Amino acid sequence: MKSNDFMTIYAACNEWGISEGFFSVLKSLPKHEAWFTGDATQYGQDLVLKTAIPNIKALYEKTCEEFNNYTKDPNYLNIGGLIKGVTQTNSEIKNMIDSKQYDHLFVKVLRRKKIDPIFGAYIYFFKYDFLEHCENLTTGFLAKLLKKRGIVVSDVTILSYKKEGLLSVKENQYGIDTMSLNEVESLVLAKKKEKYMHSKNTANENSNFSVLNSQQQKIIEEYLSFRKKGGRISHNNYRAKKHIANKEETLAKLRSALATFFFRIICARCNIDQKPKMRYAFLTQDEKEKYDSNKFHPTQISEDDAFAFMTESKTTSAVHVFQTIKPFYAWILQRLKNDALTPDKWFEYGQLELRIESFLNQFPTNYSELASGETINKVNKSFLNREEMIIVREKLLNDPGSHDPYRNATIWELCCVTGTRPYEVRKLKIEYFLLDKEGYIKLNSRGWGELHIPREASKHENSPSHPVLGTVIPAGTVKRVNEYLKRLYKKQKNEPRGKGFLFRPEDLFPEKGYKSAIMTDVMTRLKTQLDFLSYEQRRDFELKASRRSMNNLIEGFGVRLPIERLNGRIQKVAADIQMRHKISGDIGEMHYTAPISDDDFYTVLNHTINFPWNRKELIMWEKELNLHSSKDFEIKSEEKESKKISQERKEYELNEINSKRLDEINLQLNKLRKRPKGLTIEEWFEMKESLEKEKMYIN
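Rules and cut-offs
Residues numbered from 1 in each chain as written. Predicted model: local features only at pLDDT ≥ 70, side-chain atom pairs only at ≥ 80, totals over all residues. Heavy atoms only, no water. Helix = DSSP H or I, 4+ residues; strand = E, 2+ residues; numbered from the N terminus. Buried < 20%, exposed > 50% of the residue type's maximum accessible area, 1.4 Å probe, protein only. Contact = heavy atoms within 4.5 Å. Areas by Shrake-Rupley, 256 points an atom, 1.4 Å probe, with all protein chains shown as cover. Pairing = 2+ DSSP bridges. Phe/Tyr/Trp six-rings, centres within 6.5 Å; stacked < 30°, edge-to-face > 60°. Salt bridge = Lys/Arg side-chain N within 4 Å of Asp/Glu carboxyl O. pLDDT = per-residue confidence, 0-100. Polar contact = N/O pair within 3.5 Å; in protein donor to acceptor, adjacent residues only side chain to side chain. Axes fitted to C-alpha atoms, helices over the stretch in contact; angles between N-to-C directions. Parallel < 35°, antiparallel > 145°, perpendicular 65-115°, else oblique. Nonpolar A, V, L, I, M, F, W, Y, C, P; charged D, E, K, R; others polar. Expected span 1.5 Å × (residues − 1). Arc of directions from axis to C-beta.

### Looking at the overall build of the chain
Moving on, step 1. When you go through the chain residue by residue, the secondary structure sums to 27 helices and twelve strands.
Moving on, step 2. Scored against the burial criterion, the 699 residues of the chain give a buried share of 45%.
Moving on, step 3. Within the chain, residue pairs in contact and separated by at least 24 positions form 68% of the contacts whose partners lie at least 6 positions apart.
Moving on, step 4. Working note: accessible area of the chain is about 37,700 Å², and carbon and sulfur atoms make up 50% of it.

Put into structure tokens, the structure is as follows:
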């Protein structure tokens, strides 16, 4: 070769935009020696063949792309981050790599700048499962790995256990404390089981209830006991509903609501400022010193108490409170009336009745009694077509802020094909499904899954699945729910399969369900991404949109099934069965007409909700069946341009709102730099984490 066949590496770097260190990396690899050897040796070691440079450039760009992709991938951790979080030294990690035992847990990418003295020409990216094979880990890694095992615990909690001397600690080469994963897991499980048993025994306790005096607590418990037994409440022309749906949960909420009601009146009498949400734990130390529960008795109520209570309340909140306390005071008056057997007691009763009625009259009884200038926000409902349902699922799967995106996507898809309400989602138990021996959902003779929601798990205990047909599930959804179950069973350790809540706050405890709505935060993060909806619909988007959309796909305006005789009455009844509605029709239709056949029921659903959850496959599916969802008929073509202009204006308004919210979040975070009195470490950490997440997604 001639000298003009080569150029200096320095010149190649400048001309081709390649890092100089990358040439050194390639020279160290035998397979690329030909680009730097031969006659080049007589001219020095910094020459490279001109003909090789395009290949080197392509390899460099590929290396940079791979490096950036793995750096951004939340499933991978680079070698630098790994070493700072484990006890192993660089050499020990290199020995683990060279052992070939862990090849499935890492990938390697060529270094772009220089050769590492230990790891050579490659930089390594590790899957988090690799950490399972490391000796000790830092608190951040411990929390992530325990989450993968189905155990939710914050690194702050682990740190508190370390400070209490409950864990053995070992410093790594950077002087950072690390702990054994198995030791931490055992301790966390023991603590959680202890807390779970305690919370199970004291599930009805409430922070506001606990600061009431014994007399106040007693009267609330007596009232709840009366309601639990199904006692009738009737006073004057008022009659309370006898049956309480979902007693266990409803009575606990009633206890909390009444305790908070008492608590707020006590605060007003103690000159403690009213706030929209009042909890004893959030009072300042001065306010706690003022607080005196003995300043109030439930029968010693006045108009001033009502006025003080409603100072910071909107009409909707005041109506809700009225609906809670009206039956309570009717029960008190009913009970006292029965005991008013003498003229003196009857007079006392009459005075008390007048005082209570005067107090209750100050509350609005329905939402129409709005104060001047006050409005009630009406939800702008959204009805999604099939493609939009799929898009929402895709966005949930790719949600970087979620601890379990597959779970969230499973909830969404299941709701889209079964019409399960948000309240019912947290009540779903695995045993409600038709299962095989391994605890997975199996298909019935028609190739569909079956869900049988019992009365007690349905809305108001009045919307169970059809007694024969149940609530059916397309085979594709069954497959994905079973994948979720597979992950769940792996995390729940030795707990029995096929039992317990399908969706849980902690995978480890099958019988511990959610106490309040799930998916609220997830839907909040999702809203701004749904550009196929109007600004108003995005603002009010909620999980229940899945149920509305399913009903709309089956019997919505413009939905025509390819089999003509199924349109109309059969189509409507099939929708009612799947939605768990009372089957519509007049008296003759409901009581004297034969129900639709199983064949018709499955055929209607097969042509409406048994679609592929893949956008490309969906196009072919709808084309083959000549189907259109009702969404296609909603927006007239001449309206589209004006909607686009309106959308841009709303986007600007949304940005302004987000900017103000960011200022509020930063102010709150600044106040939370130190833990406020009255908050536990866990509550403080959760508050900060929630605000940080919201800030991240607004940005």
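Read on, since the account is not over.
### With respect to the sheet that holds strand β8 (residues 177-180)
Moving on, step 1. With antiparallel pairing, three strands are arranged side by side in an open sheet as β6-β8-β7. Only two strands of the sheet have a single partner each, and these edge strands are β6 (136-137) and β7 (170-171).
Moving on, step 2. Pairing of β7 with β8 involves two bridges; the strand directions are antiparallel. Its bridge partner being in β8, K170 is matched across the sheet by T178.

### Concerning the packing of aromatic side chains
To describe a pair of aromatic rings, one takes the distance between the centres and the angle between the planes.
Moving on, step 1. Tallied over the full model, the rule gives 34 aromatic pairs.
Moving on, step 2. Between F67 and F125, the ring centres sit 5.8 Å apart and the planes meet at 70°, which makes this aromatic pair edge-to-face. Highlighted residues: F67 in helix α3 (residues 53-72) and F125 in strand β5 (residues 122-127), separated in sequence by 58 residues.
Moving on, step 3. The class of F67 is buried, set by a relative accessible area of 16%.
Moving on, step 4. Ring centres of F106 and F126 lie 5.8 Å apart, and the angle between their planes is 55°; this geometry places the pair in the tilted category. One end of the pair, F106, is in strand β4 (residues 106-110); the other, F126, is in strand β5, with 20 residues separating them in the sequence.
Moving on, step 5. We classify F126 as buried; its relative accessible area is 0%.

### Quick notes on the pairing of β4
Moving on, step 1. Most of β4 is tucked away: four of the five residues are buried.
Moving on, step 2. Inspection of the sheet shows β4 paired to β5 by five bridges, in the antiparallel sense. Its bridge partner being in β5, V107 is matched across the sheet by F125.

### A look at the pattern of salt bridges
Moving on, step 1. Evaluated as defined, the whole model comprises 30 salt bridges.
Moving on, step 2. In this structure, E542 and R548 form a salt bridge, with 2.6 Å as the shortest nitrogen-oxygen distance.
Moving on, step 3. Accessibility expressed as a relative area gives 28% for E542, which makes it partly exposed.
Moving on, step 4. Residue classification places R548 among the buried residues on the basis of a relative accessible area of 15%.
Moving on, step 5. Its salt-bridge partner being D576, residue K572 comes within 3.7 Å of it at the nearest N-O pair. Residue K572 and its partner D576 are both found in helix α22 (residues 569-579); the two are separated by four residues, about one turn of the helix.
Moving on, step 6. Residue K572 is classed as partly exposed on the basis of its relative accessible area, which comes to 28%.
Moving on, step 7. Shared partners join several salt bridges into a network, and the residues in it are E249, K253, R426 and K427.

### Some thoughts on the confidence of the model for the chain
Moving on, step 1. Mean pLDDT over the chain: 84, with 87% of residues reaching 70 or higher.
Moving on, step 2. Mean pLDDT per element in the chain: helix α23 (residues 587-592) is the minimum at 43, and strand β12 (residues 471-473) is the maximum at 97.
Moving on, step 3. The low-confidence segment residues 629-641 (pLDDT under 50) makes 19 contacts with residues lying over four places distant or belonging to another chain.

### Some words on the side chain of E622
Moving on, step 1. Looking at where E622 falls in the secondary structure, it is placed in helix α25 (residues 615-625).
Moving on, step 2. Side-chain polar atoms of E622 contact the side chain of R386, separated by 2.8 Å.
Moving on, step 3. When residues no more than four places from it in sequence are discounted, the contact partners of E622 are R386 and L627.

### Quick notes on the pairing of β8
Moving on, step 1. Bridge analysis of β6 against β8 gives two bridges, and the strand direction is antiparallel. Bridging from a neighbouring strand, N136 pairs with S180 of β8.
Moving on, step 2. Hairpin connection between β7 and β8: a loop of five residues separates the two successive antiparallel strands, and G175 in this loop has a positive phi of roughly 80°.

### Things to note about the sheet that holds β5
Moving on, step 1. Across the sheet, which stays open at both edges, the three strands sit in the order β3-β5-β4 with antiparallel pairing between neighbours. Every interior strand has two partners, whereas the edge strands, β3 (76-78) and β4, have only one. Strand-to-strand twist across the sheet, computed as the mean angle between neighbouring axes with direction ignored, equals 30°.
Moving on, step 2. Where β3 and β5 come together, three bridges link them in antiparallel fashion.

### Regarding the packing of α22 against helix α24 (residues 598-606)
Moving on, step 1. Two elements in contact, α22 and α24, have axes whose closest approach is 9 Å; the angle formed by their N-to-C orientations is 85°. Looking at the two axes, α22 sits roughly perpendicular to α24. Across the interface between the two elements, I570, Q571, A574, I577 and Q578 of α22 pack against D600, F601, V604 and L605 of α24.
Moving on, step 2. Split by residue class, the contact of α22 with α24 holds six nonpolar, two polar and one charged.

### Observations regarding unusual backbone geometry
Moving on, step 1. With phi around 70°, K100 is a residue other than glycine that occupies positive phi space.
Moving on, step 2. Within the element layout of this structure, K100 appears in the loop between α5 (90-98) and β4.
Moving on, step 3. Non-glycine residue M519 carries a positive phi angle of around 75°.
Moving on, step 4. Assignment of secondary structure puts M519 in the loop between α18 (475-491) and α19 (520-526).

### Thoughts on helix α9 (residues 214-228)
Moving on, step 1. In this model, α9 (15 residues) spans 21 Å end to end at C-alpha, consistent with the 21 Å of a helix rising 1.5 Å per residue.
Moving on, step 2. Those residues of α9 not exposed but buried are Q216, I219, I220, Y223, L224 and R227. The arc that holds every buried residue of α9, seen down its axis, measures 135°, which confines them to one face. What points out from α9, more than 90 degrees from its buried face, is the exposed set S214, K218 and K228.
Moving on, step 3. Those residues of α9 that are buried lie in contact with α10 (247-269) and α13 (315-339).
Moving on, step 4. The N-capping residue of α9, defined by a side-chain oxygen 3.1 Å from the backbone nitrogen of Q215, is N213.
Moving on, step 5. Residue G230 follows α9 closely and has a positive phi angle near 85°.

### Description of the side chain of D399
Moving on, step 1. Relative to the helices and strands, D399 is located in the loop between α15 (386-397) and α16 (405-418).
Moving on, step 2. Residue D399 is classed as buried on the basis of its relative accessible area, which comes to 11%.
Moving on, step 3. A polar contact is formed between the side chain of D399 and the side chain of R525, at a distance of 2.7 Å.

### Some details on α22
Moving on, step 1. Burial within α22 is extensive, with nine of its eleven residues counted as buried.
Moving on, step 2. When α22 is considered as a whole, its buried residues turn out to be I570, Q571, V573, A574, A575, D576, I577, Q578 and M579.
Moving on, step 3. Elements that come into contact with the buried residues of α22 comprise α16, β12, α21 (545-555) and α24.

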